[in-house]
Amino acid sequence: MKIATVAFYGCTLGLLAMGLRELLSGFEENRCSMTYMFEYPEYRRVHLPQRVAQRYPGYGLYLYGEGLYAQETRGLKLSGAPVLFLPGNAGSYKQARSLGSVALRKAEAMDNKFHLNVFTVDFNEELVALYGGSLYRQTHFLHECIKAILRLYRKQAQPPRSVVLVGHSMGGVVARALFTLPRFSPQLVSLILTQASPHSAPVLPLDTQLLEFYSAVKGRWYSGATDVHNVTVLSVGGGYRDYQVRSGLTALPCPAGDPNKLSLVATAVPRTWVSTDHLSIVWCKELVLATVRAFFDLIDPDTRQFTDDPVLRMTVLRHHFVRHPVRLLGVQEDTHIRFSGPADAWTEVNTLRLAYSSPKEPRVKYFLFALSSRRKAYSHFYCRSSNLEVTSWLYGCTRMEGSMCVQGVDLSWETELLPAYKAITVKLSDLSSISHLVIGASNLSGKQFSVECEWLILESRTVTVPVPHVLSFGLTVSDVTLSSSGLFHNIQLQHFHQVYQAFRITIVGQCKAAKDRLPSVYRLTVPWFREDSFSTASLPSVTEIAAMLHTSRPGNTSSALLQLHTAPNCQYKIFVRTSFPKVLGQVLRFCGSTLPVYTAVGLLLALEGQLKALVRTGHPVKMSEAVGGVALPIKVELPVYLLHLLLRLSWFQEGWTALWLPPVDGLPLSSLDAGGGDSEPSDWPAPEEEWTRLLSLVLCVLGSPWPSGAAPCSSSSSGCSPWSWPRCTGKAPCCDIITLPSASQDGGTLHPWLQLLLIPSLGLLGWATCGALALTAAFLLHLYRVLRLQMSKRTLENVLNLAPQQQNGEKEKDSGDAVGQSCSKECNGAPLLSESALQEVTDDLQLHLSLSALLTVPLMLNAPSLLHWARSLRYSVRLDPDPCWPFALPLLTATILLVNCNTLILRRSKLLALSSHILLPLCIAMVTFSMLHLYRVTHFLCVPLALLALAWRL
């Protein structure tokens, strides 16, 4: 292998390892608290009708319970509000224990005024994220479970009319799929809460059933019908710790302006502020507490069931998951508030800033801020408080008497809870009927707290910093210094709005005087998606923030924003650098699912090089050299890029549609307004296609196949043996006419009658059981052929090494007669027989190594259906539906025929040249149509394998 090829693949391997490291471990540690059960959990099976049990033998419905509650519900006489948990891909029904246990503790704390009945569904831990054939079965079974749950309450005076669904992973997608069933009544479900559910698109689109399921669900929820419009749906993503389902996929695809749909990331949830992995999002105590609190606030005190008011449902969810005002939701806002207290408790603040620390002894205290002299000079009033227990602390005064305010309105509903304190920012232009602002700083319990307030011009506190170029590799730094004594600043990160961007933001905070201060809070906020992340720091400090995005900007909205809640009279220096490892991590996070496409393309191009060498010289090049020649993917990417440019033209789009061609697939870097799964015909390439094509080049390098270490070495590029170079040059045709026992044909080949028997037998096996099983059997037969060739090669090499070496005698002559005499002389010698056999085995081994690597791709893509069939074998022998079966038959037929493929016969075929020239157009078509439809890779690979089998047989 050439040094340049080794260096290229060494760099590629390093880049891939760097990106995988960032994807799998380049995030914060797990800061979730574990939920514990204080009593032994029990799962009581709910008996379903016999018709349902026979139709879904592997599924089940259970009621969660602990201790005394489990004993009381042994007869399934229930009186609580029903909640149904749906596990996800390969998920267990026992994952509902965190939600059920916390709900029981909450009910006990309320003296069982309200309580929840938590049910859970057993989906037999099916791999529905990779095999879509079971999704509709799970949806129909879920419908039966909901009806069975509601039947348990039919003897109550006020039975529940709906069930709240909590879906983890694919369970959330199944919950939304209920509304696609023709006989489903939308009134049975009014609230759906999903955790790390890929709503926008499947993680790996491996079969048509999966994409058809997503298309049906998306079409139903995009229809704008009233029955789905009034259903409240909350989707929570895990953040960067969840590398299985990236949070961008958890965004709900719904019509713009739908008030009953809410999508966010766990890092933005108040009192949570942590990133969760794909499993810990179920048991993360901070998130489970927010969920249970919301459920109990949604219960109507009169009916003791979940409310039917969609406006109230969204109010409660926004209270607990979006903006927590640090007060109880049930407390109604008073329109008029009367103040009382001595006159000395009131202090008017005439300075621009207030810093107050309460004394230890109880005291009534109010601070007045006059608005008359500040309206024109300032735009906002900012205030924050730490450890202040009162929920109402900022008021607007509407009537003054002397130096006291006697009547006002409560403005504290605008308070926002931050990790270190609560803060509020009010806009002065909205306070036209108010003369003063009042800060309630009474210390009635004797607990100390601090309050800091200031007037500010928000526009002057906003600094724009252009982020470095994504290819600056961290060498370019954008920095800004904040020397202001203010409490709040905004850093506009200009041009930061694409998911392939990643930066390392370093914030250095220093203060001149050492004293106790409130911690600084840094918040990275995104205007188009609720994916805020928080960091806290106590000065002096050096804080590093990993700035990445879960979704790209959908339109011309503003870029990402860094908000700094700072300490007064301190200096902050902000440095922004591109983090190249995190850029690679983002590329793999969003586009890693396309690597099988580029791997298949690289293997096809390697096979193309071997076949063309076979046509040209009679010998295929080594697999390592053929793969090394794929280092420049420009011959595939350039036609694809030109096609995307043409598709921007309206006349070309019309012609494309008129030919009934499917829409082209782009990289999965879409924004919120783009969908996943089957693209709509109008989804043509976006304007920023140049960047995506550059990413395609990177992915083509990362996904390229690696040179095989098992490939034998050779001293020439044509793969010829150094012992028989005259014969390999084609100048000594006498060697070709010698009839010898073929070591290659004896190594793992199949008798023609056995081939004729295997093809229908494996076809019948695939039809009766699973297509992937028959494909695996055919692959193993071909793998046996490769292993036997490798053994034959080593045997012949040992024979040549043990044979006596002939001494160099007379010199070779330059004339053609001398070469012919030498060839004739060598053809009659025993060493040439072994050398010729070794050359034949080496050529066949190189070709079969490429074929074996190529057959591995469809085998891996169809492995999930094989695993699903194996897990469900006790319930059904036949996999239905089988996504592999339609294309398993031609693929296994070609595989069985190619087991006996021999380069001596193949190079004489008239179809060989056609087979070698058709591979590049297939690679272009594969990149064009398979990025979002991975199952099409198998379809495309059937063509070259079938042509090669025909070329071998004809």
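What counts, and at which threshold
Residues numbered from 1 in each chain as written. Predicted model: local features only at pLDDT ≥ 70, side-chain atom pairs only at ≥ 80, totals over all residues. Heavy atoms only, no water. UniProt positions renumbered as here; feature names shortened; annotations may be inferred. Helix = DSSP H or I, 4+ residues; strand = E, 2+ residues; numbered from the N terminus. Buried < 20%, exposed > 50% of the residue type's maximum accessible area, 1.4 Å probe, protein only. Contact = heavy atoms within 4.5 Å. Areas by Shrake-Rupley, 256 points an atom, 1.4 Å probe, with all protein chains shown as cover. Disulfide = S-S within 2.5 Å. Core = buried A, V, L, I, M, F, W, Y, C linked by side-chain atoms within 4.5 Å. Patch = residues over 30% accessible without salt bridge, like charges linked within 9 Å, V, L, I, M, F, W, Y side chains within 5 Å. Salt bridge = Lys/Arg side-chain N within 4 Å of Asp/Glu carboxyl O. Phe/Tyr/Trp six-rings, centres within 6.5 Å; stacked < 30°, edge-to-face > 60°. Axes fitted to C-alpha atoms, helices over the stretch in contact; angles between N-to-C directions. Parallel < 35°, antiparallel > 145°, perpendicular 65-115°, else oblique. Left-handed = near helix turned anticlockwise from the far one by under 90°. Expected span 1.5 Å × (residues − 1). Arc of directions from axis to C-beta. Polar contact = N/O pair within 3.5 Å; in protein donor to acceptor, adjacent residues only side chain to side chain. Pairing = 2+ DSSP bridges. Nonpolar A, V, L, I, M, F, W, Y, C, P; charged D, E, K, R; others polar.

Under an unreviewed UniProt entry, the chain has the name GPI inositol-deacylase and belongs to Anguilla anguilla. As recorded by UniProt, the Sequence similarities (unreviewed entry) comment attached to the chain reads in full: "Belongs to the GPI inositol-deacylase family." In the Subcellular location (unreviewed entry) part of its UniProt record, the chain is described as follows: "Endoplasmic reticulum membrane".

**Remarks on the overall build of the chain**
A count of helical and extended segments in the chain gives 28 helices and 28 strands. Relative to its full complement of 954 residues, the chain shows a buried share of 56%. In the chain, the share of contacts with a sequence separation of at least 24, taken over all contacts with a separation of at least 6, comes to 82%. When the accessible area of the chain is evaluated, it comes to approximately 41,200 Å², of which 57% is carbon and sulfur surface.

**Considering the state of the cysteines**
Taken as a whole and assessed by the stated rule, the structure comprises four disulfides. Paired by a disulfide, Cys 32 and Cys 284 hold their sulfur atoms 2.2 Å apart. Judged by the sign of its S-S torsion, about -85°, the bond between Cys 32 and Cys 284 is left-handed. Remark: Cys 284 occurs in the loop between α9 (280–283) and α10 (285–297) and Cys 32 occurs in the loop between α1 (3–25) and β1 (41–45); sequence separation between them is 252 residues. By relative accessible area, which is 12% here, Cys 32 ends up buried. The disulfide partner of Cys 511 is Cys 570, and the gap between their sulfur atoms is 1.8 Å.

**Section: the nonpolar core**
If you look at the biggest cluster of nonpolar residues, it comprises 126 residues, and the most contacted ones within it are Ile 505, Ile 574, Leu 906 and Met 926. No other element matches helix α22 (residues 830–861), which puts 12 residues into this core. Discounting residues that sit within four places of it in the chain, Ile 505 has contacts with Leu 493, Thr 543, Glu 544, Ile 545, Ala 547, Leu 562, Ile 574, Phe 575 and Val 576. Leu 76, Tyr 153, Leu 188 and Tyr 214 belong to the second largest nonpolar core, which has 54 residues in total.

**Examining a nonpolar patch on the surface**
On the surface, Leu 20, Leu 24 and Tyr 243 cluster together into a nonpolar patch covering about 270 Å² of accessible area. For Leu 20, the position within the fold is in helix α1.

**Describing the packing of aromatic side chains**
Within this structure, the stated rule accounts for 30 aromatic pairs. Taken together, a centroid distance of 5.1 Å and an interplanar angle of 80° make the contact between Phe 179 and Phe 184 edge-to-face. Per residue, the accessibility class of Phe 179 equals that of Phe 184, and both read buried. With centroids separated by 4.9 Å and ring planes inclined at 65°, the aromatic side chains of Tyr 356 and Phe 367 adopt a geometry described as edge-to-face. Separated by 11 residues along the polypeptide, Tyr 356 in strand β11 (residues 353–357) and Phe 367 in strand β12 (residues 366–370) bring together distant segments of the chain. Look at Tyr 356 and you get buried, because its relative accessible area is 13%. The exposure class of Phe 367 is buried, given its relative accessible area of 6%.

**Structural notes on the packing of helix α5 (residues 135–151) against helix α6 (residues 170–177)**
Taken N-terminus to C-terminus, the directions of α5 and α6 make an angle of 65°; their axes are 9 Å apart at the nearest point. The angle between α5 and α6 falls in the class roughly perpendicular. When you trace α5 past α6, the crossing you get is right-handed. Of the residues in α6, those in contact with Leu 135, Gln 138, Thr 139 and Leu 142 of α5 are Met 170, Val 174, Ala 175 and Ala 177.

**Side note on the pattern of salt bridges**
Pairing between side chains becomes possible if they bear opposite charge and their charged atoms approach one another. Taken as a whole and assessed by the stated rule, the structure comprises 26 salt bridges. Ionic pairing is found between Arg 353 and Glu 454, a salt bridge with its closest N-O pair at 3.5 Å. Remark: Glu 454 occurs in strand β19 (residues 450–456) and Arg 353 occurs in strand β11; sequence separation between them is 101 residues. On the basis of relative accessibility, which here comes to 1%, the residue Glu 454 falls in the buried class. Within this structure, Glu 39, Glu 66, Arg 105 and Glu 108 form a network of salt bridges that share partners.

**A look at the environment of Ala 81**
Its place among the elements puts Ala 81 in strand β3 (residues 81–86). Distance from Ala 81 to Arg 304, taken between C-alpha atoms, is 7.0 Å for residues 223 residues apart in sequence. Setting aside residues no more than four positions away along its own chain, Ala 81 makes contact with His 115, Leu 116, Asn 117, Tyr 153, Ile 299, Arg 304, Gln 305 and Phe 306.

**Concerning helix α15 (residues 634–646)**
Taking 1.5 Å as the rise per residue, α15 with 13 residues should run 18 Å; its terminal C-alpha atoms sit 18 Å apart, in good agreement. Along α15, the residues that are buried comprise Val 636, Glu 637, Val 640, Leu 643 and His 644. Take α15 and look down its axis: the buried residues cluster within an arc of 125°, on one side only.

**Here's the deal with the side chain of Lys 422**
Summarising the element assignment, Lys 422 is placed in strand β17 (residues 422–427). Among the polar contacts made by the side chain of Lys 422, one reaches the main-chain carbonyl oxygen of Leu 388 at a distance of 3.3 Å. If we ignore the near neighbours within four places in the chain, the residues touching Lys 422 are Val 326, Cys 383, Arg 384, Ser 385, Leu 388, Val 390, Trp 393, Thr 415, Glu 416 and Leu 417.

**What to know about the sheet that holds strand β8 (residues 261–265)**
One open sheet accounts for eight strands, arranged β1-β2-β4-β3-β5-β6-β7-β8; its pairing is mixed. Strand pairing shows two members of the sheet lacking a second neighbour, β1 and β8, which therefore form its edges. Pairwise comparison of adjacent strand axes, ignoring direction, gives a mean angle of 20° for this sheet. In the sheet, strand β5 (residues 164–168) pairs with strand β6 (residues 191–195) via four bridges, with the strands oriented parallel. Note that in β6 the partner of Leu 165 across the bridge is Ile 192. Sitting on the sheet, helix α11 (residues 310–321) is in contact with β6, β7 (232–237) and β8, with an inclination near 20° to β7.

**Things to note about the sheet that holds strand β22 (residues 488–494)**
Each strand in a sheet pairs with another by means of backbone hydrogen bonds, the pair being arranged parallel or else antiparallel. Sheet architecture is open: five strands sit in the order β20-β22-β27-β24-β25, paired in mixed fashion. Across the chains shown, the open sheet's two edge strands, defined by having one partner strand only, are β20 (462–466) and β25 (533–537). Along the sheet, successive strands turn relative to each other by an average axial angle of 20°, direction set aside. Sheet topology note: the strand β24 (residues 520–525)/β25 ladder contains five bridges and is antiparallel. When the sheet's bridge partners are listed, Arg 523 is paired in β25 with Phe 534.

**Thoughts on the packing of helix α13 (residues 595–617) against helix α28 (residues 935–953)**
Between α13 and α28, the least distance of the axes is 11 Å, while the angle of their chain directions is 15°. Judged on the interaxial angle alone, α28 and α13 are roughly parallel. Crossing hand, α13 versus α28: left-handed. Residues Val 597, Ala 600, Leu 604 and Leu 611 of α13 lie in contact with α28, whose contacting residues are Val 937, Leu 941, Pro 944 and Leu 948. Per-class residue counts for the contact of α13 with α28 are eight nonpolar, no polar and no charged.

**Side note on unusual backbone geometry**
Here the residue pair Leu 539 and Pro 540 is connected by a cis peptide bond, since its omega of -5° sits within 30 degrees of zero. Note on placement: Pro 540 falls in the loop between β25 and β26 (541–548). Cis geometry marks the peptide bond from Asp 880 to Pro 881; its omega dihedral reads 0°. Assignment of secondary structure puts Pro 881 in the loop between α23 (863–871) and α24 (885–898).

**Observations regarding the pairing of strand β27 (residues 561–565)**
Burial within β27 is extensive, with five of its five residues counted as buried. Of the two faces of β27, the one holding Leu 561, Gln 563 and His 565 and the one holding Leu 562 and Leu 564 are both buried throughout. Sheet topology places β22 next to β27; five bridges connect them, and they run antiparallel. From the neighbouring strand, Phe 488 faces β27, where its bridge partner is His 565.

**Quick notes on the pairing of β22**
Within β22, six of the seven residues are buried, leaving the element largely enclosed by the surrounding structure. As defined by bridge partners, β20 adjoins β22 across five bridges and the pair is classed as parallel. Bridging from a neighbouring strand, Thr 464 pairs with Gln 492 of β22.

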